[in-house]
Amino acid sequence: MRVEGGLIDRARPLNFTFNGKGYTGYHGDTLASALLANGVRLVGRSFKYHRPRGIFSAGSEEPNALVQIGEGAWQEPNTKTTTVPLFDGLTASSQNHLGSLENDLMAFNDRLSRFLTAGFYYKTFMWPRSFWERFYEPLIRRAAGLGALSGADDPSRYERGHLHCDVLVVGGGPTGLSAAREAAALGARVILADEDSLFGGRLNSERENVEGQAGYQWARQTTSTLASAENVRLMPRTTVFGAYDHGVYGALEVLTDDPKIGTEMPRQIYWRINARRVILCSGATERSIAFANNDRPGIMLAGGARTYANRFAVLPGRRVAILGADNEAAQTAEDLKAAGAEIVATLTSAAESTVADTQGRRCLSAIKLADGRKVECDTLAVCGGWNPNIQLTSHHRSKPVWNDEIDGFVPGEDLPPGMIVAGAARGVFDSQDCLADGAAAAALSLSDIAQNAPVEAQRPRPSVKPVQIKTPAALAGSGRAWVDLQNDVTAKDLFQAQAEGFKSVEHMKRYTTLGMATDQGRTSNSLALRVLGQAYGVSPGDLGTTLARPPYNPVAIGAFAGPSRGQHCRPTRRTPSHAFAEGAVATFVETGAWLRAQWYAQDGETHWRQSVDREVNATRNGVGICDVTTLGKIEVTGADAAAFLDFVYANTMSTLKIGRTRYGLMLREDGFVMDDGTCARLADEHYVVTTTTANAVSVFRHLEFVRQCLRPHFDVHLISSTEQWAQFAVAGPRSRDLLQRLVNTDLSNEAFPFMACGPVDVLGVPGRLFRISFSGELAYEIAVPTRYGNALFAKLLELGADLDATPYGTEALGVMRIEKGHAAGNELNGTTTALNLGLGRMVSSKKDCIGSVLSKRPEMVREDGLRLVGFIPTDRERQLTAGAHFLEPGAQATMENDLGWMSSVAYSPTLGQSIGLGFLMAGTDRLGERLTAWDELRGTTQEVEVTSPHFVDPDGTRLKS
């Protein structure tokens with residue numbers, strides 16, 4: 001029921017729907033307050049038993065009132081109605097029920113509750129074992145759960161950002177506002193973050209004065225002053241959800257929940273905040289009390305009831321009973337009575353009678369007292385005290401400490417570096433004390449980083465005013481007393497877990513599923529420990545507590561990803577010739593992080609093989625041009641560059657002459673091949689190392705590790721120049737003729753032999769030229785600064801028009817490398833050795849290198865081990881398949897009979913048949929033999945002949961011509 005007053009804007013009415021029915025609220029409402037104002041009390045069903053659930057609190061600690069907001073692709077499940085500001089057009093629906101919300105067919109589970117106690121799934125669904133995946137798991141998933149995603153792509157926008165500050169103040173209540181004001185006055189760069197849309201915390205919910213004015217007015221004025229300060233950044237609706245290393249804090253800022261706006265502006269921003277100091281002013285969460293049937297809609301926390309009455313001008317009920325500590329009960333009664341409610345009972349721990357049970361089918365209708373009396377009411381406000389919100393203090397493994405004065409856990413020692421806890425978060429509950437504590441914490445946090453910082457002010461001792469008389473955690477009664485309202489965990493479940501040996505709180509939590517919910521156990525974990533402590537006559541501190549982990553609140557995966565989603569999941573890197581390839585209507589493929597031309601189809605070509613075969617034949621008979629910029633390029637310089645390369649390469653590089661290039665092989669520390677490539681020496685202390693496209697980043701990272709950690713005394717410098725140089729392979733018998741038209745350098749065999757390299761002038765542009773071949777043909781790789789790449793590609797085709805110069809893509813490149821027997825990604829898969837690849841002699845025995853020792857392990861150098869060989873089908877019309885395994889003719893397909901596998905296959909237009917590379921046990925000794933290639937995945941078997949891996953020009957006559 002709506003009443004007078006509050007902080008809502010009645011001049012701005014807002015329309016919304018819940019379960020298809022239209023309602024009206026006001027700007028400043030949350031969805032929860034608007035539902036209560038319209039008399040909606042039943043909003044959902046519990047997780048396991050599907051019991052009716054209503055609105056229990058007024059903040060992010062809410063365990064009950066979870067709904068789906070939005071429709072279609074905008075649908076977002078498990079949203080707390082208490083944290084969603086109302087907006088015009090909001091659409092919400094209840095979740096976790098079969099049939100209507102009022103008549104949930106799954107409520108039958110509640111009748112089976114005696115069989116569904118703690119750990120029932122461990123005991124019930126173990127036999128027969130085969131039933132688990134086929135029957136039990138699908139049944140459980142259908143019966144239990146919360147909301148569901150739409151299955152469509154999320155159309156909302158998310159962003160990521162970085163912020164830096166001297167002081168991060170977490171929490172915008174009276175303590176946080178005071179701390180931010182003091183820190184800003186001292187000249188510090190301040191960020192003030194609070195999960196609420198209004199700063200002020202409990203000041204917006206209580207009727208009390210601060211510094212001579214109403215608390216909410218003081219909060220509004222202080223917020224305005226901070227907003228005008230240049231060194232302060234205010235971040236409402238921003239939850240600091242995690243404390244990480246090096247002063248880094250994760251924060252989620254919610255800008256809008258309105259789908260109409262969520263595509264035009266970011267809906268949420270994930271901030272990485274680097275803070276020199278942090279003042280944790282996260283406040284406290286009200287505790288409930290466990291008693292029989294304490295989960296009915298209409299039973300809520302007393303602080304939440306006051307929030308609805310004072311801030312949102314909503315009475316949670318007309319006839320209200322109150323249960324809790326004396327001062328809390330009195331304050332709640334006073335506020336609700338002033339708002340127009342009838343207070344039918346005030347039950348404190350000092351009363352002769354207290355709550356023994358409740359009544360009501362879908363909502364509370366009455367409470368039953370221990371003396372047998374029945375009190376009719378539609379609302380029961382409960383307060384069992386307050387728990388400091390200390391979750392962020394535990395993210396670095398700091399253990400909370402039990403404090404008898406406040407009857408709760410407070411921050412322990414070993415807080416995250418630079419963190420100071422202030423206000424209710426450390427047990428200081430009085431508002432005036434909180435103001436002083438916040439200012440003192442700011443002075444203390446800045447004492448070693450701010451200029452002219454004053455001496456630390458005296459911090460007040462924790463006040464015990466809200467818990468002058470402690471309330472029991474559980475009250476006697478015959479019905480089930482609920483501890484975790486969302487997961488349907490009762491006090492009986494806790495006792496059963498303890499009886500079955502789950503005495504550790506960590507084990508008890510997981511066995512019962514206590515606190516494993518969207519509220520992260522804020523309304524259940526502490527209550528559970530107090531229930532157990534009360535039952536066993538020990539302090540909750542003796543039982544211990546679980547440690548909170550990030551995130552403090554649930555965070556959408558989309559927020560972590562930010563804009564990096566879909567095709568933007570990672571940056572799309574385009575080659576320098578991409579514009580030309582687009583104009584030529586090339587088909588593109590992702591290789592590593594690059595978008596490369598796969599083939600260039602011409603008019604009349606209806607199948608990709610036609611295009612690829614043409615490109616291969618054109619290159620082998622004339623000249624082909626391929627963009628190979630994507631190969632990793634690393635500049636290695638310094639007086640110790642040669643010694644450094646000797647250490648990272650299996651073969652020797654220090655003997656390489658200036659102007660020459662050498663094929664190189666890198667091993668991992670375990671002796672397996674990491675990558676291959678070339679190493680060119682351009683000057684005495686200047687080398688250029690190339691890597692495969694896929695391993696460019698990992699190889700550079702590896703070299704940096706070696707430089708910094710394994711050889712820190714070396715004078716060597718590394719620069720990744722992959723993006724700085726556009727590089728093109730020019731291959732084929734007419735490649736020399738084409739390149740001679742671009743450069744003035746003598747390219748004859750005598751002047752520029754195979755594996756030569758050096759600087760060249762490319763039509764007035766400084767470039768580099770390498771005579772290396774991946775195709776087996778006479779070939780070069782020419783490099784120019786990237787900005788000239790697209791122009792050079794076009795110029796090569798223009799100048800080579802009379803030579804039938806043809807662009808070719810990665811598919812033709814792959815065909816030609818298989819024809820020549822070159823290993824690539826399929827062979828360099830992290831499980832092969834130099835010996836497997838036929839490169840065992842490259843592992844030098846005259847020097848030390850990474851992986852040299854472990855590469856000589858017996859199993860890795862066995863004579864009959866795997867060797868890279870070639871394969872052709874005996875039936876020339878059949879196609880080989882990659883992944884097929886080799887067997888002796890007639891042998892059964894078992895692991896014991898496995899002789900190796902096919903790693904790469906291609907149709908060779910040069911040979912007119914399918915060819916393949918693969919690894920075969922003692923392969924080099926079995927050339928000419930016939931084996932069975934067995935492919936279980938495709939269900940094929942065929943006979944193959946073992947051949948040399950060098951199908952084309954095995955003597956290398958062409959590439960050296």
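The paragraphs below set out a description of the structure included in this document. The model shown is predicted, which means the values in this text are computed figures rather than measured ones.

Describing the nonpolar core
Within the largest apolar cluster, 48 residues are counted, with the highest numbers of intra-cluster contacts made by Phe16, Phe18, Leu31, Leu35, Ile55, Leu90 and Tyr308. Those elements giving two or more residues to this core turn out to be β1 (9-18), α1 (31-37), β5 (66-69), β7 (90-93), α6 (302-310), β18 (319-324), α7 (326-339) and β23 (379-383). Broken down by element, the residue count for this core peaks at six residues, all from α1. Ignoring sequence-local partners within four residues, the contact set of Leu35 consists of Phe16, Phe18, Val40, Val43, Ile55 and Thr81. Counting 34 residues, the second largest nonpolar core, distinct from the first, contains Leu828, Leu837, Phe919 and Phe951.

Quick word on the sheet that holds strand β30 (residues 573-574)
One open sheet holds the three strands; their spatial order is β30-β32-β31, and the pairing between them is mixed. Two strands close off the open sheet at either side, each with one partner strand: β30 and β31 (586-591). Along the sheet, helix α20 (residues 810-820) contacts β31 and β32 (594-600); its crossing angle with β32, the most-contacted strand, is approximately 75°.

Details of the sheet that holds strand β20 (residues 355-359)
Strand order in the open sheet made by the three strands is β20-β21-β22, with antiparallel pairing throughout. Edge positions in the sheet fall to β20 and β22 (374-376), since each of these pairs with one other strand and no more. Neighbour-to-neighbour, the strand axes of this sheet turn through a mean angle of 25°, independent of strand direction. Here β20 pairs with strand β21 (residues 366-369) via four bridges, running antiparallel. Its bridge partner being in β21, Thr358 is matched across the sheet by Ile367.

Some words on the pattern of salt bridges
One pass over the full model with this rule turns up 41 salt bridges. Note that Glu159 and Arg157 form a salt bridge whose closest N and O atoms lie 3.3 Å from each other. On the accessibility criterion, Glu159 (23% relative accessible area) is partly exposed. For Arg681, the salt bridge identified is with Asp684, shortest N-O distance 3.3 Å. What makes Arg681 buried here is its relative accessible area of 9%.

A look at the environment of Gly767
Inspection of the secondary structure assignment puts Gly767 in strand β41 (residues 765-770). Gly767 sits 20 residues away from Leu747 along the chain, and the two C-alpha atoms are 15 Å apart. Setting aside residues no more than four positions away along its own chain, Gly767 makes contact with Trp725, Gly758, Pro759, Val760, Val762 and Ala783.

Digging into the packing of α6 against α7
In the contact formed by α6 and α7, the axes pass within 10 Å of each other and the chain directions differ by 25°. Classified by the interaxial angle, the pair formed by α6 and α7 is roughly parallel. Where α6 crosses over α7, the two elements pack in a sense that is left-handed. Facing α6, whose interface residues are Ala302, Ala305, Arg306, Ala309 and Asn310, α7 presents Glu328, Gln331, Thr332, Asp335, Leu336 and Ala339. Here the residues of the contact of α6 with α7 are counted per class, giving five nonpolar, three polar and three charged.

A word on the packing of helix α4 (residues 174-185) against helix α5 (residues 215-227)
Closest axis-to-axis distance for the α4/α5 pair is 10 Å, and the angle between their directions is 30°. The orientation of α4 relative to α5 falls into the category roughly parallel. In terms of crossing hand, the pair formed by α4 and α5 is left-handed. Side by side, α4 and α5 meet where Pro174, Leu177, Ser178, Ala180, Arg181 and Ala184 of the first sit next to Trp218, Ala219, Thr222, Thr223 and Leu226 of the second.

Quick notes on the packing of aromatic side chains
Under the criterion given, the structure shown has 15 aromatic pairs. With a centroid separation of 5.9 Å and 40° between ring planes, the pair formed by Tyr308 and Phe312 is classed as tilted. By the burial criterion, Tyr308 is buried, and Phe312 matches it. One aromatic cluster is present, formed by Phe241, Tyr270 and Phe560 through successive ring pairs. Arg522 extends its terminal NZ or CZ atom over the ring of Tyr552, reaching a point 4.1 Å from the ring centre. One Lys or Arg, Arg609, reaches over the ring of Tyr907 and ends 3.7 Å from the middle of that ring.

Rules and cut-offs
- Residues numbered from 1 in each chain as written.
- Predicted model: local features only at pLDDT ≥ 70, side-chain atom pairs only at ≥ 80, totals over all residues.
- Heavy atoms only, no water.
- Core = buried A, V, L, I, M, F, W, Y, C linked by side-chain atoms within 4.5 Å.
- Buried < 20%, exposed > 50% of the residue type's maximum accessible area, 1.4 Å probe, protein only.
- Helix = DSSP H or I, 4+ residues; strand = E, 2+ residues; numbered from the N terminus.
- Contact = heavy atoms within 4.5 Å.
- Pairing = 2+ DSSP bridges.
- Axes fitted to C-alpha atoms, helices over the stretch in contact; angles between N-to-C directions.
- Salt bridge = Lys/Arg side-chain N within 4 Å of Asp/Glu carboxyl O.
- Parallel < 35°, antiparallel > 145°, perpendicular 65-115°, else oblique.
- Left-handed = near helix turned anticlockwise from the far one by under 90°.
- Nonpolar A, V, L, I, M, F, W, Y, C, P; charged D, E, K, R; others polar.
- Phe/Tyr/Trp six-rings, centres within 6.5 Å; stacked < 30°, edge-to-face > 60°.
- Lys NZ or Arg CZ within 6 Å of the ring centre and 35° of its normal.

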